[in-house]
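Architecture at a glance
Read off the chains here:
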Amino acid sequence: MINHTMIVSFDQPLPDSELDQYLADVERAALATGLLQSAVSRRHLPILGEEAIPALIATAIVQFAVADTEALAKAFADPGLHEVIDRWQSRHSYQVAWANHEALS
């Protein structure tokens, strides 16, 4: 199994309802590909002073579990997932960093 962990960082703060909708839309579209074993997301928990660190600071973390890298590549080629990503990018600018890895535990 491969985990695809994304650090999603919106350029501007989002209202809670907007962030909740983004996370739900991404999870739903990814699961709809039929290639994921699971999809989970969580909000970043900020700490005082982290904004002084010159790094990409998360708004949220999203993790997909897939059987292998081939399934991951097919999932990200899915037009439905691209539609969701494009729609959100057009509404709210954000950056994503990611890592593909085996389970951490």
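Now for a quick tour of the structure. The model shown is predicted, which means the values in this text are computed figures rather than measured ones. (Residues numbered from 1 in each chain as written. Predicted model: local features only at pLDDT ≥ 70, side-chain atom pairs only at ≥ 80, totals over all residues. Heavy atoms only, no water.)

Concerning the sheet that holds strand 2 (residues 36-43)
The strand order across the open sheet formed by four strands is 2-3-1-4, and the pairing between neighbours is antiparallel. Two strands in the sheet have a free side with no partner beyond their single neighbour: strand 2 and strand 4 (94-101). Direction aside, neighbouring strands of the sheet carry axes that sit 15 degrees apart on average. Here seven bridges tie strand 2 to strand 3 (residues 60-66), and the two strands are oriented antiparallel to one another. Within strand 3, the residue paired with Arg-42 across the bridge is Ile-61. (Pairing = 2+ DSSP bridges. Helix = DSSP H or I, 4+ residues; strand = E, 2+ residues; numbered from the N terminus. Axes fitted to C-alpha atoms, helices over the stretch in contact; angles between N-to-C directions.)

Focus on the pattern of salt bridges
Per the stated rule, a full pass over the model turns up seven salt bridges. Across the pair Arg-87 and Asp-25 runs a salt bridge, and its minimum N-O distance is 3.4 Å. With Arg-87 in helix 3 (residues 79-91) and Asp-25 in helix 1 (residues 16-32), the pair connects residues that are 62 residues apart, well separated along the chain. A salt bridge links Lys-74 to Glu-70; the nearest nitrogen and oxygen atoms lie 3.2 Å apart. With Lys-74 and Glu-70 both in helix 2 (residues 69-76) and four residues apart, the pair spans about one turn of that helix. Via salt bridges that share partners, Asp-25, Arg-28, Glu-83 and Arg-87 belong to a single interconnected network. (Salt bridge = Lys/Arg side-chain N within 4 Å of Asp/Glu carboxyl O.)

Some thoughts on the packing of aromatic side chains
Think of a pair of aromatic rings as described by two things: how far the centres are apart, and how the planes are tilted against each other in angle. Scanning all chains against the criterion turns up five aromatic pairs. Centre to centre, the rings of Tyr-22 and Tyr-94 are 5.3 Å apart; their planes meet at 65 degrees, and the pair counts as edge-to-face. Taken together, the positions of Tyr-22 in helix 1 and Tyr-94 in strand 4 put the pair 72 residues apart, joining distant regions of the chain. Each of the two residues, Tyr-22 as well as Tyr-94, counts as buried. In textbook terms, an aromatic cluster arises when at least three aromatic residues are bridged by ring pairs, as seen for Phe-10, Tyr-22, Trp-88 and Tyr-94. Between Arg-91 and the ring centre of Trp-88, over which it is positioned, the NZ or CZ distance is 4.4 Å. (Phe/Tyr/Trp six-rings, centres within 6.5 Å; stacked < 30°, edge-to-face > 60°. Buried < 20%, exposed > 50% of the residue type's maximum accessible area, 1.4 Å probe, protein only. Lys NZ or Arg CZ within 6 Å of the ring centre and 35° of its normal.)

Structural notes on the nonpolar core
With 24 residues, the main nonpolar core has Val-8, Phe-10, Leu-19, Tyr-22, Leu-36, Val-62 and Phe-64 as its most contacted residues. At the level of elements, strand 1 (2-10), helix 1, strand 2, strand 3, helix 2 and helix 3 are the ones that each hand at least two residues to this core. Apart from the residues lying within four places of it in its own chain, the contact partners of Phe-10 are Leu-19, Tyr-22, Thr-59, His-92, Ser-93 and Tyr-94. (Core = buried A, V, L, I, M, F, W, Y, C linked by side-chain atoms within 4.5 Å. Contact = heavy atoms within 4.5 Å.)

With respect to helix 3
With 13 residues, helix 3 extends 18 Å between its outermost C-alpha atoms, agreeing within 8% with the 18 Å of an ideal straight helix rising 1.5 Å per residue. The inward-facing, buried residues of helix 3 contact helix 1, helix 2 and strand 4. For helix 3, the N-terminal cap is Asp-78; the gap from its side-chain oxygen to the backbone nitrogen of Gly-80 is 2.9 Å. (Expected span 1.5 Å × (residues − 1). Polar contact = N/O pair within 3.5 Å; in protein donor to acceptor, adjacent residues only side chain to side chain.)

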